[in-house]
Amino acid sequence: MMVLAAVSCGRMDELEPEGGIILSGQLQEVNALIPSRADASFNGMYTKLGAPGSVFGGTRPDDFGFIMMAFSNDIEAADVVLANSGYNWFSACGLLSSRNADYANPYVRYAAPYNTIAAANEILKSYPSDSSDPDIRHKMAQAHAMRAFAYLNLAPYFQFGYVFGAEDQPCVPLVTEATTDFTDNPRASVDEVYKLIISDLTYAISNLQDYERTDKSRIDRQTALGLRARAYMNMEEWTLAAADAAEAAKGYVPASLAEVSEPSFYDIAEHNWIWGYDMTSDIAMKNPYATSSAWIRSFSGDGYSAGTQVYSCINNLLYDKIPATDVRKGWWVDESLDSPLLEAVTWNGVSGNDVADLEIDNVKMKFLPYTNVKFGMYSVGGTLNDEDWPLMRVEEMILIQAEGLARSGSEAQAKALLEDFVRTYRDPAYSADASGRSLADEIWFQRRVELWGEGFSNSDTRRLGKPLVRFHEGSQSNVPSAFRFNMTADDGWWLMRFTSSEKNTNLAIIDNSGGTQPVQDQNGGLRDGVTD
């Protein structure tokens with residue numbers, strides 16, 4: 001195994017993104033592409049979603065596109081805990097120092113979506129908009145959907161949302177195939193950004209009705225419906241969100257109790273995945289440390305997580321709220337490092353709970369309390385790091401449908417749907433009333449447990465207008481002291497800052513400001529309605 005390097009601050013070290021300037025340098029007029037180049041652009045649009053070196057060209061282990069963005073956003077919220085170690089390349093997220101425009105982490109999280117937007121715009125410019133060729137129409141529809149997906153990964157983080165009545169507040173610049181002036185392109189409002197997202201996804205849904213994809217790494221009609229359900233949820237269009245989620249879920253069945261009773265979530269062929277990233281060994285080997293396997297999974301024989309004890313752990317506040325009858329309680333080891341999911345695991349001749357204590361020089365260190373064993377591997381101890389990543393699962397769509405119903409006045413129907421899902425697939429003893437939470441908070445709890453580590457924690461906290469609650473004053477916490485703080489829902493520090501290169505290129509940008517970086521133990525009395 002290669003010796004893993006430590007990092008202390010996560011700065012950009014003067015590296016430039018491989019696409020050059022984020023906006024103007026990447027948007028070229030492409031009016032007459034040869035077919036091979038058009039196909040390469042189309043395939044590359046998908047490959048870049050999770051490929052190592054999506055922005056910096058493969059030199060950094062914290063640069064792997066939208067998967068890295070999902071990981072970063074979860075670490076910035078309350079439920080994913082990493083050690084405060086020199087090997088933790090994501091410490092900026094734990095500290096929330098990620099508002100520094102000169103750090104690599106926020107740079108990737110701004111550049112990667114705009115690189116995808118540029119690729120989508122190039123595809124849209126490559127073909128006549130009125131083409132009747134089904135193949136061209138399907139590619140254009142997917143480009144529209146990918147552009148919407150990119151904006152969905154920007155909008156919640158650069159401005160407060162609909163729950164705050166911030167629809168008319170500046171969000172991010174809009175760049176489409178018709179944009180020509182990139183040096184004077186001011187931030188569009190939140191409402192304008194979401195109007196483009198809905199327009200793009202509606203186009204995709206309409207033009208993918210006759211499309212049959214060859215594999216789940218591509219966007220089809222149901223994927224586009226799922227993305228629009230996410231957008232409508234952010235917009236508090238609850239009835240529309242529930243309807244789209246129900247359509248997106250058709251034909252898909254959640255993973256069974258048995259299937260999630262061992263480490264999983266690593267194969268795009270898993271039947272409950274609607275959309276996923278297909279990580280081939282060729283892609284992963286460009287930098288195996290810049291993969292979900294190296295960082296999020298606890299079973300890689302060549303990764304940061306196991307090799308340096310920077311395990312992705314669940315916050316004990318959330319873990320303690322999961323009933324013992326819920327199979328998902330075993331998605332993490334407990335304080336004593338035990339989990340029933342380890343019964344199916346053998347590593348280096350060691351099996352069961354003994355795997356948690358196993359130490360292999362330069363390969364694996366002992367698990368920490370609350371280490372996740374949710375995310376499995378094709379081969380425990382494997383070094384290819386070619387595990388796939390779920391971008392959308394049917395379970396998410398069921399939970400969106402439940403939330404949409406609950407918030408649009410159909411609470412009884414929402415409760416029945418939620419209880420049917422959880423009792424059938426996760427906890428046979430479940431009752432939505434048992435926790436004493438409101439139904440809305442109970443659905444958020446279920447999202448936090450079911451979708452843990454998949455990139456929804458930060459955006460959910462934001463769209464619901466909830467405070468960041470990482471610890472309770474006076475209670476035991478597994479959050480490292482430097483990351484142990486809470487923050488009010490309206491704190492200006494929530495908002496990401498624009499990169500220096502973007503401000504130097506687009507002179508119309510007026511940056512976010514307000515708030516101050518949180519400090520240890522601040523706001524210990526805050527509560528979120530779930531972990532109270």
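Because the structure is a prediction, the values reported are computed rather than measured.

S.K.: So what exactly am I meant to see when it comes to the overall build of the protein here?
M.R.: Tallying secondary structure elements over the protein gives 19 helices and 8 strands in all. In terms of overall size, the protein behaves like a compact globule, its C-alpha atoms giving a radius of gyration of 22 Å where 532 residues would be expected to give roughly 24 Å. Based on the C-alpha atoms only, the size of the protein along its principal axes is roughly 60 × 55 × 45 Å. Taking the contacts inside the protein whose residues are at least 6 apart along the sequence as the reference set, 73% of them involve residues at least 24 apart. Carbon together with sulfur atoms contributes 48% to the accessible area of the protein, which is approximately 18600 Å² in total.

S.K.: What is the right way to read the pattern of salt bridges from this model?
M.R.: Between side chains of opposite charge, a pair can form when the charged atoms approach closely. Tallied over the full model, the rule gives 34 salt bridges. For aspartate 220, the salt bridge goes to arginine 213, with nearest N and O atoms at 3.3 Å. Taken as a pair, aspartate 220 and arginine 213 share a single burial class, namely buried. The network of salt bridges with shared partners includes Asp326, Arg328, Lys374, Arg393, Glu395, Arg426, Glu450 and Glu454.

S.K.: It is not clear to me how the confidence of the model for the protein should be interpreted in this structure. Could you clarify?
M.R.: Interpreting fine coordinate detail is not advised for predicted regions of low pLDDT. The predicted model of the protein averages 93 in pLDDT, with 93% of residues at 70 or higher. Confidence drops under a pLDDT of 50 for residues 7-33, and excluding neighbours within four residues, the segment shows 68 contacts in the predicted structure.

S.K.: How do you make sense of the packing of aromatic side chains when you look at a structure like this?
M.R.: In this description, an aromatic ring pair is defined by two values, namely the gap between the centres and the angle between the planes. Evaluated as defined, the whole model comprises 29 aromatic pairs. Geometrically, the ring pair formed by tyrosine 110 and tyrosine 114 is tilted, given 4.8 Å between the ring centres and 50° between the ring planes. On the criterion of helical spacing, the pair formed by tyrosine 110 and tyrosine 114 is a turn pair, its members being 4 residues apart in helix 4 (residues 104-126). In terms of burial, tyrosine 110 and tyrosine 114 fall into one category: buried. Summarising the aromatic geometry, the rings of phenylalanine 149 and tryptophan 275 are spaced 5.0 Å apart at their centres and angled 75° between planes, so their arrangement reads as edge-to-face. With phenylalanine 149 in helix 5 (residues 134-152) and tryptophan 275 in strand 4 (residues 273-277), this residue pair connects regions lying 126 residues apart in the sequence. Take phenylalanine 149 and tryptophan 275: they sit in the same class, and that class is buried. Each residue in the set Phe64, Phe71, Phe90, Tyr289, Trp295 and Tyr304 is aromatic and connected to the rest through ring pairs, giving one cluster. One Lys or Arg, lysine 329, reaches over the ring of tyrosine 319 and ends 4.3 Å from the middle of that ring.

S.K.: What exactly am I supposed to notice about the state of the cysteines here?
M.R.: By definition, a disulfide is the covalent link that joins the sulfur atoms of two cysteine residues. Summed over the entire model, instances satisfying the criterion amount to 0 disulfides. The thiol of cysteine 171 is unpaired, and the distance to the nearest cysteine sulfur, on cysteine 93, comes to 19 Å. Note on cysteine 171: relative accessible area 0%, which makes it buried. This cysteine, cysteine 313, is not joined by any disulfide, and cysteine 93 carries the nearest cysteine sulfur, 16 Å off. When its relative accessible area of 4% is taken as the criterion, cysteine 313 is described as buried.

S.K.: I would appreciate a short explanation of the side chain of aspartate 63 in the present structure.
M.R.: One can find aspartate 63 in the loop between helix 1 (35-47) and helix 2 (65-76). At a separation of 3.2 Å, a polar atom in the side chain of aspartate 63 contacts the main-chain amide nitrogen of valine 55. Only 2.6 Å separates the side chain of aspartate 63 from the backbone nitrogen of phenylalanine 56, close enough to count as a polar contact. If we ignore the near neighbours within four places in the chain, the residues touching aspartate 63 are Ala51, Pro52, Gly53, Ser54, Val55, Phe56, Gly57, Val108 and Ala290.

S.K.: It is not clear to me how the environment of tyrosine 430 should be interpreted in this structure. Could you clarify?
M.R.: Along the chain, the position of tyrosine 430 falls in the loop between helix 16 (411-425) and helix 17 (439-450). A C-alpha to C-alpha distance of 13 Å links tyrosine 430 and leucine 257, two positions 173 residues apart in sequence. Beyond its immediate sequence surroundings of up to four residues, tyrosine 430 is in contact with Leu418, Glu419, Val422, Arg423, Glu442 and Gln446.

S.K.: I'm lost on the packing of helix 15 (residues 394-407) against helix 17 in this one. Help?
M.R.: Two packed helices can be described by the angle between their axes and the distance between those axes. Look at helix 15 against helix 17: their axes get within 10 Å of each other, and the N-to-C directions meet at 170°. Taken together, the axis directions place helix 15 and helix 17 in an arrangement best described as roughly antiparallel. Taken together, the residues of helix 17 that come into contact with helix 15 (itself represented by Glu395, Glu396, Leu399, Ile400, Ala402, Glu403, Ala406 and Arg407) are Leu439, Ala440, Ile443, Gln446, Arg447 and Glu450. For the contact of helix 15 with helix 17, the per-class residue count stands at 7 nonpolar, 1 polar and 6 charged.

S.K.: Whenever I open this one, the packing of helix 8 (residues 221-234) against helix 15 confuses me. Can you help?
M.R.: Helix 15 packs onto helix 8 with a crossing angle of 35° between their chain directions and a minimal axis gap of 11 Å. Between helix 8 and helix 15 lies a crossing of left-handed hand. Contacts from Gly226, Ala229, Arg230 and Met233 in helix 8 reach Glu396, Met397, Ile400 and Glu403 in helix 15. Residues belonging to the contact of helix 8 with helix 15 are distributed by class as follows: 4 nonpolar, 1 polar and 3 charged.

S.K.: Hey, could you run me through the nonpolar core in this one?
M.R.: Buried together is how nonpolar side chains tend to be arranged in soluble globular proteins. In this structure, Tyr151, Trp275 and Trp295 are the most contacted members of the largest nonpolar core, which totals 155 residues. What tryptophan 295 contacts, discounting residues up to four positions off in sequence, is Pro61, Phe64, Phe71, Tyr87, Trp89, Phe90, Tyr289, Tyr304, Ser305, Val310 and Ser312. Membership of the second largest hydrophobic core comes to 10 residues, among which are Ala78, Phe160, Trp494 and Leu495.

S.K.: Please explain unusual backbone geometry as it appears in this structure.
M.R.: Glycine aside, residues mostly have negative phi angles, and peptide bonds mostly take the trans form. Even without glycine at this site, leucine 96 takes up a positive phi of about 60°. By secondary structure assignment, the location of leucine 96 is in the loop between helix 3 (91-95) and helix 4. Unlike most non-glycine residues, asparagine 362 shows phi in positive territory, near 65°. Mapped onto the elements of the fold, asparagine 362 is located in the loop between helix 14 (354-357) and strand 8 (389-393). The class for asparagine 362 is exposed, based on a relative accessible area of 59%.

S.K.: Explain helix 15 here, please?
M.R.: In an α-helix, one turn spans 3.6 residues; hence positions three or four apart end up facing the same way. For helix 15, with 14 residues, the first-to-last C-alpha span of 20 Å sits near the 20 Å given by 1.5 Å per residue. Of all 14 residues in helix 15, 13 are buried; the element is thus mostly enclosed. Taken from the residues just after helix 15, glycine 409 is the one with a positive phi, measuring 100°.

Definitions and limits used
- Residues numbered from 1 in each chain as written.
- Predicted model: local features only at pLDDT ≥ 70, side-chain atom pairs only at ≥ 80, totals over all residues.
- Heavy atoms only, no water.
- Helix = DSSP H or I, 4+ residues; strand = E, 2+ residues; numbered from the N terminus.
- Rg over C-alpha atoms; globule rule 2.2 N^0.38 Å.
- Contact = heavy atoms within 4.5 Å.
- Areas by Shrake-Rupley, 256 points an atom, 1.4 Å probe, with all protein chains shown as cover.
- Salt bridge = Lys/Arg side-chain N within 4 Å of Asp/Glu carboxyl O.
- Buried < 20%, exposed > 50% of the residue type's maximum accessible area, 1.4 Å probe, protein only.
- pLDDT = per-residue confidence, 0-100.
- Phe/Tyr/Trp six-rings, centres within 6.5 Å; stacked < 30°, edge-to-face > 60°.
- Lys NZ or Arg CZ within 6 Å of the ring centre and 35° of its normal.
- Disulfide = S-S within 2.5 Å.
- Polar contact = N/O pair within 3.5 Å; in protein donor to acceptor, adjacent residues only side chain to side chain.
- Axes fitted to C-alpha atoms, helices over the stretch in contact; angles between N-to-C directions.
- Parallel < 35°, antiparallel > 145°, perpendicular 65-115°, else oblique.
- Nonpolar A, V, L, I, M, F, W, Y, C, P; charged D, E, K, R; others polar.
- Left-handed = near helix turned anticlockwise from the far one by under 90°.
- Core = buried A, V, L, I, M, F, W, Y, C linked by side-chain atoms within 4.5 Å.
- Expected span 1.5 Å × (residues − 1).

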